[in-house]
Amino acid sequence: MADNNAFGALLRAERLNRKIGLRAFATAIHYSPGHVSKVELGHAEPSPEFVKACDLELLVDPPLIDRVAFTPRQAARFTAARPAQLPEPAGTLVGRGEALDMLTRHFGAAPPSADGRAMVLHGPPGIGKTALALRWARDHARRYPDGNLFADLHGYRCEGTSRAEGVLEDWLRALGMSAGQLPETLDDRAALLRTVLAGKRVLAVLDNVADAAQIAPLLPAIPGAAVLVLSRGELAGSMPEAARLKLGGLDPEHALQMLAGIAGPGRIDAEPAVAADLARAYAPMPLALRLLGEYIAARPGDDLTDLAAGAARDLPREAHDLREAFAWSYSRLPGPAGLLFRMLGLHAGAELGLGAAAAMLGRAEIDTAPLLADLVAARLLQPLPEDRYRFHDLLRGFAADLAAATLPEDVRARVTARALSWYLHSAGAAGAVLAPEGTRPAVPALPPAAPRVTPQTFAADETDQALAWFDTEADNLLAAAEQAFDLDLHREAWLLPAVSSPWLHLREAWRHWMRGAAVGLIAARRAGDRDGEAWCLHSCGRAHQELRRLDHARRSFTAAAAIRQDIGDQSGLAWSTLELGAVLLGQGHPAQAREHLERSLQLFETHRMRGGVAMARIWLGRLHRELDDLTAAAAQLRAARELFVSLGDTASEALALACLAQVQRAEGDLPGALHRLDRSLQLRTAARDLGGEARVQTFRAQVLGRMGEKRLARRALSQALQLFERLRDPRAADVRAQLAVLDLTGLHTSATVECLPAAC
């Protein structure tokens, strides 16, 4: 990071490079010429507000805000969370120069008015709204130095309100809010979004919006915010402050250019008159034109004259013809491929892999793969890397409608049951690799796999593969749980998030965790499944505990323990009692905490649950450290570590080592603490626990700072920042601030990392 002199020189160079005079620049950013001059000469500190104003005017890439060291007080109040959520635009944009210019003129380079700026970009499906919007947004992202936000509302195939809740959570997290700071209600989250965005200049793109009510909580009508809404309709009568831009088809010249880019210029040049006629006929809908280009490219031996008749029969030319075109393509499928297409319309998630498709069909993967290839060849399915596939939104709705109209109810039920069974048992296998038996509450027994379903399996040493599978399928698992809930398949609805718990812990996937636990709890209660209710209450408690909502956690664990006591689940009772003790300790009630922790230890020992014994000793060690009995704390933690080593649980051993390092730091043994942390870091890395690795690096930075090792402390913080950013963890903002303090002062940071199982 730049010091004051270096930043001043950089600012002056950027200003002069743009040929902006000092007085004009000062007027533009609303600071006095004297202050700007002092900053440029290194005689005044650049405040975060000053640097942000410079970024708004100069549009430097990367932003200046990333290249200045702030004072400790400035760093404490300023977070540099800057979301960049725009997807990569697909393909080359042709013939949209006028529309791009209209977007630029509307949003402009100057800050928006007091009501913000909004535009509704509307047109029929297949006209290219998303491609245009993403291209413009990408090209002008530098106009919005506080970041960009994106959401697909799926407005034509899902409930907008529930989708808005998830979007609000994702946006607030991307803007630097921790999960513990997120309010419970939709209205409160919307209000928080307005607060967080106040004074910021951001761009938000909302795709597939069915009506304005669907996105009302997401529209930040505040200075600095620009909102681009994509919809099939113009949203007449709503969003009165928004401008509107209707997107139509391409002119013949640009249509021919696009056709040549897809089919190949040689094919077009060979028969220019026929090509021009085809381009003119399909120009009204770019999606149809793209399909035409692919149609031609797939038949290299045919003349365009011969292909024209087939294209007229096979392909749509207008949006209202799309269903007819889909129906024609579907009718040409071989019988098994057509059946698979309809079955895939019942899939809960937006994309799926070969294994899930095979399970839905009830056939082996080797038999299913050629049928998926048939669907891809017919342009009814989009291929993705690594044997994954997705529908275009329009095709997904078509497939779902076909399934409802042509598959008997009992067949639909069996197909859905096979999909849910595949996800449930595959997640169970992956979770067993990530969490060795005995280290966490046992996942309830799963029902037998559905007939003709072969779940994914993992060897004991395939940790990377299990993590990668969860990372890929996380959204599908949550969608499957919600689908099971909607279909009154209550046991599957709560078991799916239950078997995902090892991944939820490792990745700290709060949205999946909280949503899954809530769905599962309601499902278990509706079914009168007390075992499931207790499991979900315990899971809710763990999430609240991680998010420092200790009152909520205490109530959840108390309720879970009561149910487990009543139904005779001694193993579950031991775990809920342990977590209740941990919460009481966190609330400052050591006497009550000790009572629960010692009771849980007794239960674990009685039932010979060595992993539970070790975890209880971790918390008792924490209790003794809080009471300044460092000798007793070290004894408990060493005993815990020995148990974890004997169990082969390296992730929990890493936890014990980090907690022992806390004790050694309290004793003043900084080299010993660092040695423990280095070993803990090795184990966290081997376990692929990115969150744990980041937290250990943060703790290492504190110890290294106290030892006077500024360079090594900075390296540790930098590595922690990379990991937190990879996880999209809001703690990245805290680490950025610590780095700023370290760079400016050379002192260790004063942040405290508590010795909690989730934090060590």
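Residues numbered from 1 in each chain as written. Predicted model: local features only at pLDDT ≥ 70, side-chain atom pairs only at ≥ 80, totals over all residues. Heavy atoms only, no water.

**Focus on the overall build of the protein**
What the protein contains, in helices and strands, is 36 helices and eight strands. Of all 760 residues assigned to the protein, the portion counted as buried reaches 55%. Looking at the protein alone, contacts between residues at least 24 apart form 68% of all its contacts between residues at least 6 apart. With the model as given, the accessible surface of the protein reaches about 32000 Å², and the carbon-plus-sulfur share is 51%. (Helix = DSSP H or I, 4+ residues; strand = E, 2+ residues; numbered from the N terminus. Buried < 20%, exposed > 50% of the residue type's maximum accessible area, 1.4 Å probe, protein only. Contact = heavy atoms within 4.5 Å. Areas by Shrake-Rupley, 256 points an atom, 1.4 Å probe, with all protein chains shown as cover.)

**Focus: helix H33 (residues 670-686)**
Compared with the 24 Å implied by 1.5 Å per residue over 17 residues, the 24 Å span of H33 between its first and last C-alpha is a close match. Here H33 has its buried residues at Leu 670, Gly 672, Ala 673, Leu 674, Arg 676, Leu 677, Ser 680, Leu 681, Leu 683 and Arg 684. Here the buried face of H33 lies against helix H31 (630-647), helix H32 (650-667) and helix H34 (690-706). One side-chain oxygen of the residue at the start of H33 lies 2.9 Å from the amide nitrogen of Gly 672, identifying that residue as Asp 669. (Expected span 1.5 Å × (residues − 1). Polar contact = N/O pair within 3.5 Å; in protein donor to acceptor, adjacent residues only side chain to side chain.)

**Points about the side chain of Asp 649**
Among the structural elements, Asp 649 can be located in the loop between H31 and H32. The exposure class assigned to Asp 649 is buried, which follows from its relative accessible area of 3%. At a separation of 2.6 Å, a polar atom in the side chain of Asp 649 contacts the side chain of Ser 652.

**Here's the deal with the pairing of strand E2 (residues 148-152)**
Extensive coverage of E2 is indicated by the burial of five of its five residues. Side chains Asn 148, Phe 150 and Asp 152 of E2 all project onto a buried face; the interleaved residues Leu 149 and Ala 151 project onto the opposite face, where all are buried too. Pairing of E2 with strand E3 (residues 202-207), which is carried by five bridges, proceeds in the parallel orientation. Across the sheet, Phe 150 pairs through a bridge with Val 205, a residue of E3. (Pairing = 2+ DSSP bridges.)

**Concerning the sheet that holds strand E5 (residues 243-246)**
On the basis of which strands lie adjacent, the open sheet formed by five strands has the order E2-E3-E4-E1-E5 and parallel pairing. Looking at the sheet topology across the chains shown, the edges are occupied by E2 and E5. Sheet twist, expressed as the average angle between the axes of neighbouring strands with direction ignored, equals 15°. Each of strand E1 (117-122), strand E4 (225-231) and E5 is contacted by helix H6 (residues 97-107), which is oriented at about 160° to E1, the strand it contacts most. (Axes fitted to C-alpha atoms, helices over the stretch in contact; angles between N-to-C directions.)

**Things to note about the packing of aromatic side chains**
What the rule picks out here adds up to eleven aromatic pairs. Measuring from ring centre to ring centre gives 6.3 Å for Phe 458 and Trp 469, while their planes differ by 70°; the resulting arrangement is edge-to-face. Of this pair, Phe 458 sits in the loop between helix H21 (409-434) and helix H22 (463-486) while Trp 469 sits in helix H22, placing them eleven residues apart in sequence. Grouping residues by exposure puts Phe 458 and Trp 469 together as buried. Centre to centre, the rings of Trp 469 and Phe 470 are 5.4 Å apart; their planes meet at 75°, and the pair counts as edge-to-face. Taking relative accessible area as the criterion, Trp 469 reaches 9% and is therefore assigned buried. Phe 470 sits in the buried class, given a relative accessible area of 0%. The structure contains a cluster of three or more aromatic residues connected by ring pairs, namely Trp 422, Tyr 423, Phe 458, Trp 469, Phe 470 and Trp 503. The residue whose ring lies beneath Arg 201 is Tyr 144, and the NZ or CZ to ring-centre distance is 5.3 Å. (Phe/Tyr/Trp six-rings, centres within 6.5 Å; stacked < 30°, edge-to-face > 60°. Lys NZ or Arg CZ within 6 Å of the ring centre and 35° of its normal.)

**Concerning the sheet that holds strand E8 (residues 388-390)**
Across a sheet, strands are paired by hydrogen bonds formed along the backbone, either parallel or antiparallel in direction. Taken together, the three strands give an open sheet; going across it, the order is E6-E8-E7, and neighbouring strands pair in antiparallel fashion. Edge positions in the sheet fall to strand E6 (351-353) and strand E7 (382-384), since each of these pairs with one other strand and no more. Recorded for the sheet is a direction-independent mean angle of 30° between the axes of neighbouring strands. With three bridges joining them, E6 and E8 adopt antiparallel strand pairing. Residue Gly 353 lies in a different strand from E8, and its bridge partner there is Arg 388.

**A closer look at the pattern of salt bridges**
Counting across every chain of the model gives 20 salt bridges. We note a salt bridge from Asp 569 to Arg 564, for which the minimum N-O separation is 3.6 Å. Taking relative accessible area as the criterion, Asp 569 reaches 21% and is therefore assigned partly exposed. Between Glu 605 and Arg 617 there is a salt bridge; the shortest N-O distance is 3.4 Å. Residue Glu 605 is located in helix H29 (residues 590-606), and its partner Arg 617 is located in helix H30 (residues 610-626); the two are separated by twelve residues in the primary sequence. (Salt bridge = Lys/Arg side-chain N within 4 Å of Asp/Glu carboxyl O.)

**Topic: unusual backbone geometry**
Although it is not a glycine, Asn 208 adopts a positive phi angle of roughly 55°. Among the structural elements, Asn 208 can be located in the loop between E3 and helix H10 (212-215). Positive phi outside glycine occurs at Asp 488, with the angle close to 65°. Relative to the helices and strands, Asp 488 is located in the loop between H22 and helix H23 (490-499).

**A word on the nonpolar core**
Among the nonpolar cores identified, the biggest contains 80 residues, and Phe 341 and Leu 344 are the most heavily contacted of them. It is H21 that provides the largest number of residues to this core, a total of eleven residues. Sequence-distant contacts of Phe 341, defined by excluding residues within four places in its chain, comprise Tyr 330, Leu 333, Leu 375, Leu 380, Phe 391, Leu 395, Phe 398, Ala 399 and Leu 402. Judged by nonpolar contacts, the second largest core, of 39 residues, contains Leu 584, Leu 585, Trp 619 and Ala 640. (Core = buried A, V, L, I, M, F, W, Y, C linked by side-chain atoms within 4.5 Å.)

**Remarks on the packing of H22 against helix H25 (residues 510-527)**
With their axes 10 Å apart at the nearest point, H22 and H25 run at an angle of 20° to one another. Between H22 and H25, the crossing angle belongs to the class labelled roughly parallel. Two packed elements cross with a definite hand, and for H22 against H25 that hand is left-handed. Along the contact surface, H22 presents Ala 474, Asp 475, Leu 478, Ala 481, Glu 482 and Phe 485, while H25 presents Arg 511, His 512, Arg 515, Gly 516, Val 519, Ile 522, Ala 523 and Arg 526. Among the residues making up the contact of H22 with H25, the classes are represented as seven nonpolar, two polar and five charged. (Parallel < 35°, antiparallel > 145°, perpendicular 65-115°, else oblique. Left-handed = near helix turned anticlockwise from the far one by under 90°. Nonpolar A, V, L, I, M, F, W, Y, C, P; charged D, E, K, R; others polar.)

Functional significance is not addressed by these values, which are geometric in nature.
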